[in-house]
Amino acid sequence: MAAHRLLYATSLAVVFNLCPGNPVDAHEFDPENGEEINEVCAGCHGEFGEGGKEGEYPRLAGMPAEFIARQLHLFRDRQRPNLAMVEYVDHRQMPDGDIQDIAAYLAGIELKTKLPPVDESAPDFDAYARLLASKKIMQIPRAEGSQAAGSKLYRKECASCHGKMGEGDKKKAVPLLAGQYTNYLWRQVEKYRNKIRIHDPDAPEDALLSEFTDEEIRDIFAYLSVLDD
Ligand code: HEC
Ligand code: HEC
C-alpha cells in the first residue's frame, strides 16, 4: 500500500472510529472503496447512511458490519426479498470484498442525535462545518404508545440481544433498534411474522415477534423512539 494511501486509510479510520480488530477480517478494509460504493447507496439511504423518507429507506450508519454484510448476502442470494436493491447487489455488481468494504464503511459512521452548542459569533465559527455537522444529525420522532409499558417489555424480552439502550450488539451482529425509523421496524415485524425474514439466525424457528400483540409492539417502539433523545 502506498504511503499516502496508508495515511488516508489511517485518518479515515480515526474519523470513523474503526477498531482495527474488526470482525470483518481476512479481507483488508479499503475505506476508499467503501466510500465509492456508498455513492450508489446514498441515493436511497442518504449520504451518511441516515436513511430517508420516514423509514422507507432504513438507517444503516452505525449498524454492526457483520449485520450489514449478512443482509447484503441475503439480498444477493434472494433470501430476503427487496426489489429496490436487487440490481445493486447481484454478484457482478457486488463481489464479496465490496460487501465487506461497504459494510465496514457504514458501520463506522457515527450519527449524533444533537448538535453541540456553539457560539455563532465567535471569530473561529465555521458555518460550513456546522452545516455539514447538522446533516449528520439523526433523531427519531416520538412514536405513539406507552413508554412505561414498552420499557418493561423491552428490557425483559429484547434487551438481552438488542442492548440495554437499543444500541444493538456489534459482536453478535444484532442490529440497533433505537435510532431506527419506527415505520421501518414495523415493516420488519410484519416480515418476521409472515416468515419472509428470519428473526434469529441461530434459531430459525423462533416466532418471538408473533408472541406479542400489536399494542405491545407499539409500546416497545414508543419506548425505543425516545432512547435516542
Ligand atoms: C433504490 C433504492 C436503494 C438503493 C440504491 C440501496 N438500497 Fe438498501 N434498501 C432499500 C430499501 C427499500 C430497503 C428496505 C427493504 C425492506 O423493507 O426490507 C433497504 C434495506 C437495506 C438493508 C437492510 C437494513 C436493515 O436494517 O435491515 C441494508 C443493509 C442495505 N439496504 C444496504 C444497502 C447498501 C450497502 C446499498 C448500496 C450498495 C444499498 N442498500 C442501496 C433501498 C435501496
Ligand atoms: C435472541 C436474540 C434476540 C432477541 C431476544 C430479540 N431479537 Fe430482534 N433481532 C435479533 C437478530 C439477530 C436480528 C437480525 C436478524 C437478521 O439478520 O435479519 C434481529 C432483528 C430485529 C429487527 C429488524 C431490525 C432491522 O434493522 O432489520 C426488529 C424490528 C427486531 N429484531 C425486534 C425485536 C424486538 C421488538 C424484540 C423483543 C420483543 C427482539 N427483537 C428480541 C435478535 C434478537
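The structure presented is a predicted model; accordingly, all values stated were derived computationally and were not measured. (Residues numbered from 1 in each chain as written. Chains lettered and ligands numbered in written order. Predicted model: local features only at pLDDT ≥ 70, side-chain atom pairs only at ≥ 80, totals over all residues. Heavy atoms only, no water.)

Peer 1: I keep staring at the coordination of the iron atom of ligand 2 and nothing clicks. Help me out?
Peer 2: Perfect tetrahedral coordination of a metal by four donors corresponds to 109.5 degrees between them, and perfect octahedral coordination by six donors corresponds to 90 or 180 degrees. At the metal site, the iron atom of ligand 2 is ligated by H162 (NE2) and H199 (NE2), and these contacts range over 2.0 Å. Around the iron atom of ligand 2, the 6 donor atoms are arranged such that angles at the metal cover 86 to 179°; this shape is classified as octahedral. In this pair, H162 is assigned in helix α7 (residues 159-162) and H199 in the loop between α8 (182-193) and α9 (214-226), connecting sequence segments 37 residues apart. Residue classification places H162 among the buried residues on the basis of a relative accessible area of 10%. H199 gets classed as partly exposed once you look at its relative accessible area, which sits at 23%. (Donors = N, O, S within 2.8 Å, 3.2 Å for Na, K, Ca; no water. Tetrahedral: all angles 85-135°; square planar, octahedral: opposite > 155°, others 65-115°. Helix = DSSP H or I, 4+ residues; strand = E, 2+ residues; numbered from the N terminus. Buried < 20%, exposed > 50% of the residue type's maximum accessible area, 1.4 Å probe, protein only.)

Peer 1: Honestly, the side chain of Q71 in this entry has me stumped. Any pointers?
Peer 2: Within the secondary structure, Q71 is located in helix α3 (residues 65-76). What makes Q71 buried here is its relative accessible area of 6%. Discounting residues that sit within four places of it in the chain, Q71 has contacts with R80 and R197. (Contact = heavy atoms within 4.5 Å.)

Peer 1: Would you mind going over unusual backbone geometry with me for this structure?
Peer 2: In terms of backbone geometry, most residues other than glycine have negative phi values and most peptide bonds are trans. Even without a glycine there, the phi angle at E54 is positive, about 50°. Structurally, E54 can be placed in the loop between α2 (31-45) and α3. Even without glycine at this site, A173 takes up a positive phi of about 60°. Residue placement: A173 occurs in the loop between α7 and α8.

Peer 1: How should the side chain of H45 be read in this particular structure?
Peer 2: Along the chain, the position of H45 falls in helix α2. In contact with H45, not counting residues within four places along its chain, are E50, G51, Y57, P58, L60 and M85.

Peer 1: So what exactly am I meant to see when it comes to the site of ligand 1 here?
Peer 2: In the vicinity of ligand 1 lie 28 residues, with C41, C44, H45, M85 and Y184 positioned nearest. Residue R187 places a side-chain N or O atom 2.9 Å away from an oxygen atom belonging to ligand 1. Take K191: an N or O atom from its side chain is 2.8 Å from an oxygen atom of ligand 1. Counting only elements with at least two residues in the shell around ligand 1, the list comes to α2, α3, α4 (96-107) and α8. Class assignment for the residues of the shell around ligand 1 results in 19 nonpolar, 4 polar and 5 charged. Looking at which domains feed residues into the shell around ligand 1, each of domain 1 (3-107) and domain 2 (147-226) supplies at least three. (Near = heavy atom within 4 Å. Polar contact = N/O pair within 3.5 Å; in protein donor to acceptor, adjacent residues only side chain to side chain. Nonpolar A, V, L, I, M, F, W, Y, C, P; charged D, E, K, R; others polar. Domains from an automatic or database assignment.)

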